[in-house]
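Descriptive analysis of the structure
Spelled out from the first residue to the last, the chains are:
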Amino acid sequence: MAKQYDERDRKKDKKKKGKGPILFLILLLLILALLWLMNYLGLGFGFGKGSGGSSSGSDSVAASTSDSNTETTKTTVTVTVKGSTYVYDGAELTLDDLKTKLSELDKDKTVIELKDDGAVENAMADAKAAVEGVGLSIVNTSDDTSSEAS
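**With respect to the confidence of the model for the protein**
Averaged over the protein, the pLDDT score is 74; the fraction of residues at 70 or greater is 69%. Every residue in residues 53-69 is under pLDDT 50, and counting partners more than four places away or in other chains gives 13 contacts. Below a pLDDT of 50 lies the segment residues 145-150, which in the model reaches four contacts outside its immediate sequence neighbourhood of four places, other chains included.

**Notes on unusual backbone geometry**
The phi torsion at Asp 89 lies on the positive side, around 55°, for a residue other than glycine. The exposure class assigned to Asp 89 is exposed, which follows from its relative accessible area of 69%.

**Comments concerning the pairing of strand β3 (residues 75-83)**
Relative to strand β6 (residues 110-119), β3 is paired through eight bridges, and the arrangement is parallel. Paired with Val 81 across the strands is Asp 116, a residue of β6. As judged from the four bridges shared by β3 and strand β4 (residues 85-88), these two strands associate in the antiparallel manner. Pairing of Val 79 across the sheet is with Tyr 88, part of β4.

**What about the nonpolar core?**
By size, the foremost hydrophobic cluster in this structure holds 17 residues, and its most contacted members are Leu 102 and Ile 112. Among the secondary structure elements, those contributing two or more residues to this core are β3, β4, α2 (95-103), β6 and α3 (123-133). With near-sequence residues (within four places) excluded, Ile 112 lies in contact with Val 77, Val 79, Leu 102, Leu 105, Val 131, Leu 136, Ser 137, Ile 138, Val 139 and Asn 140.

Rules used throughout
Residues numbered from 1 in each chain as written. Predicted model: local features only at pLDDT ≥ 70, side-chain atom pairs only at ≥ 80, totals over all residues. Heavy atoms only, no water. pLDDT = per-residue confidence, 0-100. Contact = heavy atoms within 4.5 Å. Buried < 20%, exposed > 50% of the residue type's maximum accessible area, 1.4 Å probe, protein only. Pairing = 2+ DSSP bridges. Helix = DSSP H or I, 4+ residues; strand = E, 2+ residues; numbered from the N terminus. Core = buried A, V, L, I, M, F, W, Y, C linked by side-chain atoms within 4.5 Å.

Dropping the structure here:
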């Protein structure tokens, strides 16, 4: 009788040893499937779809704009309005001279940034109209007088 019990215990031990590696493989496959699913949903490792896509959107519009398949880098040109004169490329110009200079720029590769440095009443509006009149786009208009007042 004791032999029968010993023989049963040996068989139970063999069954227990046989179940260990199988349970380990099943657990490993479940973990891998979970990791794959998390990666697919963008929840891990940074390789998934996610909401960021190929570009996070932190790039400035002035720095680059993308067309359907090509990316064009645009150059930002600053025009500062001081009183009734316009400073472009380090030189003070009249409105007509500014229009001439702006018309020479490439409309597809250049954007204009207008800065107000103590401009007279209509000078900023005239500068904006001049830029739009030659077909260039304006990135933003900043007011430098607010920083001088403080």
